[in-house]
Amino acid sequence: MAVSVYIPTPFRRITANREYVEAEGASVAEVLDGLTERFPGFDMLVYDEHRKVPAHINIYVNNQEIHDLDGTATTLGDGDQVAVIPALAGGADSNGGTAAPSAALTPDEAMRYSRHIIMGQVGSIGQRQLRNSKVLVVGAGGLGSPVAIYLALAGVGTIGIVDFDIVDLSNLQRQLLHQTEDVGRPKIDSAVDSLHAYNPHVRVVTHPAPLTSENAMEIIADYEIVVNGADNFATRYLVNDAAYLLGKTLVDGSILLFDGQATVFKPGEGCYRCLYPTPPPPGLVPSCAEAGVLGAITGIVGSIQATEVFKQVLDIGRPLTGRLLLVDALTMEFREMKLRRDPDCPLCGDEPTVTELIDYDTFCGSPPLDWDPPTN
């Protein structure tokens, strides 16, 4: 059977930078074997040492995950489309603002948000809902920058920022919250300055420390929606677990090279562990610092995340729950894959085994964070 196989950009080094590869096979396993014969090393990307597809790799046939079908034994027909989708980790490398918003919009706010207010889906009531909402953004980097900026521009009343990094010159290619004169400053400080420059009405709450198992529950508990822009798997799983245990909606996004992913996890409707039950082995999936990232892809995915936040706050539209949106900037193609809640998920499944936060560095096989809190 002749099928078309979509190759994500992190894997195209194996396929001579081809986006699509034509393949033959009556099943997914036969197609993968055929690709390995043509492109030596391909099997090392999609199989583990037991010749099983690892949890950090999802394979889709005609936009349906093969776990919902017959796994690698899933039969194929002429013209079917197969997609190999790895987990991506890229994203991000004292309270300020005004007092809590009053019931009525001020004349300045009414003018500032006038293009929202004339929209039937928003109106003045929706704008006040935005102003009364509290959203936490994890990371003030590539994804966190456009998310936080659009939240501020839209009038989200309280924006929390978690970040402990320092602005580096290499950040400025994509991290919109920071400018050249901010190099050497804490990202959290330049983020506050930038957001208040965009909109002095918003309240920016800063959390200038790494998110850990010791502080995540306390920090996240104060917010209604969490936006994940973390740049490592340990933090991604930590944020997912904490948000689920606290009953918070998680708007997830990740980027690498020219690729992006975005989805929304609501309690009871699946979680990041349902999508990727275990992280990839250390070093298998490179970070943005190792492989690079197109600056503009952070704006695309970050804008999608911000839009999903607005839809959640306003309770409008169709959210990305149960769907994984894939962005390929090289072809400017958007693909949508179905997600399902896994009844065997250790966090949100029928018989959960993860009921509290764990050691995520050990879980992901990553070294402990080397961070010293600033001294006064």
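By convention here, each chain's residues receive numbers from 1 onward along its written sequence. It should be noted that, the model being predicted, local features are given only for residues of pLDDT at least 70 and side-chain atom pairs only at 80 or more, the latter also being counted only at that level, while totals for whole chains, interfaces and linings use all residues. Hydrogens and water are ignored here; the side-chain numbers use all heavy atoms of the structure.

**Topic: the overall build of the protein**
A tally of helices and strands in the protein yields 13 helices and 13 strands. Dimensions along the principal axes, computed over C-alpha positions, put the protein at roughly 65 × 50 × 45 Å. Working definition: with a 1.4 Å probe on protein chains only, accessible area under 20% of the residue-type maximum means buried, over 50% means exposed, and in between means partly exposed. In the protein, which comprises 376 residues, the share counted as buried stands at 53%. Summing over all exposed atoms, the protein offers an accessible surface of approximately 16,400 Å²; the carbon and sulfur share of this is 53%. The averaged location of the 48 negative side-chain charges in the protein is 7 Å from the averaged location of its 26 positive side-chain charges. For the purposes of this entry, the term helix denotes a DSSP run of H or I that reaches at least four residues, the term strand denotes a run of E that reaches at least two, and both are numbered from the N terminus. The protein chains shown are the only cover counted for residues, whose accessible areas, like all others here, come from Shrake-Rupley with a 1.4 Å probe. For this count, His and the chain ends are skipped, Lys and Arg are scored as positive, and Asp and Glu as negative. Working definition for charges: the position is that of NZ of Lys, CZ of Arg, CG of Asp or CD of Glu.

**Notes on the environment of His50**
Position of His50 relative to the elements: it lies in the loop between helix H2 (42-46) and strand E3 (57-61). Separated by 29 residues in sequence, His50 and Val21 have C-alpha atoms that sit 25 Å apart.

**A word on the sheet that holds strand E6 (residues 134-138)**
If you walk across this open sheet you meet the eight strands as E8-E7-E6-E9-E10-E11-E12-E13, and the pairing is mixed. Both outer strands of the open sheet, strand E8 (203-207) and strand E13 (333-338), are each paired with one neighbouring strand and no more. Within this sheet the neighbouring strands show an average axis-to-axis angle of 15°, counted without direction. The strands that helix H12 (residues 295-314) touches are E6, strand E9 (225-228), strand E10 (249-256), strand E11 (259-265), strand E12 (323-328) and E13; relative to E10, the one it contacts most, it runs at about 170°. We call two strands paired when DSSP finds no fewer than two bridges between them. Structural elements are reduced to axes, namely lines fitted to C-alpha atoms, with helices fitted over the stretch in contact, and the angle between N-to-C directions of any two is expressed from 0 to 180 degrees. Whether two residues are in contact is decided by their heavy atoms, any of which lying within 4.5 Å being enough.

**Thoughts on the nonpolar core**
Judged by nonpolar contacts, the single largest core of 41 residues is most densely connected at Leu151, Ile161, Leu195 and Val309. Looking at this core, the element that brings in the most residues is H12, giving eight residues. Those residues in contact with Val309, other than ones at most four positions away along the chain, are Val135, Leu151, Ile225, Val227 and Val251. Counting 34 residues, the second-largest nonpolar core is a separate cluster that includes Val205, Phe233, Ala242 and Tyr360. The term nonpolar core refers to a set of buried residues drawn from Ala, Val, Leu, Ile, Met, Phe, Trp, Tyr and Cys, joined through side-chain atoms within 4.5 Å.

**Observations regarding helix H1 (residues 28-38)**
By the burial criterion, the buried members of H1 are Val28, Val31, Leu32, Leu35 and Thr36. One side of H1 holds all its buried residues, which, seen down the axis, span an arc of 140°. Looking at the buried residues of H1, the elements they touch are strand E1 (2-6), strand E2 (20-24), H2 and E3. The arc in question is formed by the directions pointing from the helix axis toward the C-beta atoms.

**Description of the sheet that holds E2**
With mixed pairing, five strands are arranged side by side in an open sheet as E2-E1-E5-E3-E4. Among the strands making up the open sheet, the edge pair consists of E2 and strand E4 (64-65). The pairing of E3 with E4 spans two bridges and is antiparallel. For Tyr60, the partnering residue across the bridge sits in E4 and is Glu65.

**Thoughts on unusual backbone geometry**
The residue Asn17 is not glycine, and still its phi comes out positive at about 65°. On the secondary structure map, Asn17 appears in the loop between E1 and E2. A positive phi angle, close to 70°, is found at Asn63, a residue other than glycine. Its location among the elements puts Asn63 in the loop between E3 and E4. Judged by relative accessible area, which is 38%, Asn63 ranks as partly exposed.

**Notes on the pattern of salt bridges**
We define a salt bridge as a side-chain nitrogen of Lys or Arg found within 4 Å of a carboxyl oxygen belonging to Asp or Glu. Scanning all chains against the criterion turns up 18 salt bridges. A salt bridge links Glu109 to Arg131; the shortest N-O distance between them is 2.9 Å. Remark: Arg131 occurs in helix H5 (residues 123-131) and Glu109 occurs in helix H3 (residues 107-112); sequence separation between them is 22 residues. The same class applies to Glu109 as to Arg131, namely buried. Here Glu333 and Arg335 are joined by a salt bridge, their closest N and O atoms 2.5 Å apart. You can call Arg335 buried: its relative accessible area is 12%. In this structure, a network of salt bridges that share partners links the residues Glu19, Glu333 and Arg335.

**What about the confidence of the model for the protein?**
Per-residue confidence from the predictor is reported as pLDDT, which spans 0 to 100. Residues of the protein with pLDDT of at least 70 account for 92%, and the chain-wide mean is 89. Confidence drops under a pLDDT of 50 for residues 94-102, and excluding neighbours within four residues, the segment shows 18 contacts in the predicted structure.

**Side note on the environment of Asn232**
If you trace the backbone, Asn232 turns up in the loop between E9 and helix H9 (233-245). For the purposes of these results, a polar contact is taken to be a pair of N or O atoms within 3.5 Å, where, inside protein, one atom must be able to donate a hydrogen and its partner to accept one; residues adjacent in sequence count only when each atom of the pair is a side-chain atom. Of the polar contacts made by the side chain of Asn232, one reaches the backbone nitrogen of Ala234; its length is 3.3 Å.

**Observations concerning the packing of helix H6 (residues 144-154) against H12**
The relative placement of two packed helices comes down to the angle between their axes together with the axis-to-axis distance. H12 packs onto H6 with a crossing angle of 45° between their chain directions and a minimal axis gap of 8 Å. Judged by the inter-axis angle, H6 sits oblique to H12. Every pair of crossing elements has a handedness; the one defined by H6 and H12 is right-handed. Residues Pro146, Val147, Tyr150, Leu151 and Ala154 of H6 form the contact with H12, whose participating residues are Thr298, Gly299, Gly302, Ser303, Gln305, Ala306, Val309 and Phe310. The classification used treats Ala, Val, Leu, Ile, Met, Phe, Trp, Tyr, Cys and Pro as nonpolar, Asp, Glu, Lys and Arg as charged, and all other residues, Gly among them, as polar. Here the contact of H6 with H12 is composed, by residue class, of eight nonpolar, five polar and no charged. What sets the label is the angle itself: under 35 degrees gives roughly parallel, over 145 gives roughly antiparallel, 65 to 115 gives roughly perpendicular, and the rest give oblique. Each crossing gets its hand from how the near helix is turned against the far one by less than a right angle, where anticlockwise is left-handed and clockwise is right-handed.

**What about the packing of aromatic side chains?**
For Phe, Tyr and Trp, rings pair up if their centres lie within 6.5 Å, where Trp contributes its six-membered ring, and each pair is then called stacked (planes under 30 degrees apart), edge-to-face (over 60) or tilted (otherwise). If you walk through the whole model with that rule in mind, you get four aromatic pairs. A connected cluster of aromatic rings, assembled from ring pairs, spans Tyr237, Tyr272, Tyr276 and Phe363. Taking NZ or CZ as reference, Arg273 lies 4.8 Å from the ring centre of Phe363, over its face. Over the face of the ring belonging to Tyr6 we find Arg335, whose NZ or CZ atom lies 3.7 Å from the ring centre. By definition, being over a ring means that NZ of Lys or CZ of Arg is both within 6 Å of the ring centre and within 35 degrees of the ring normal.

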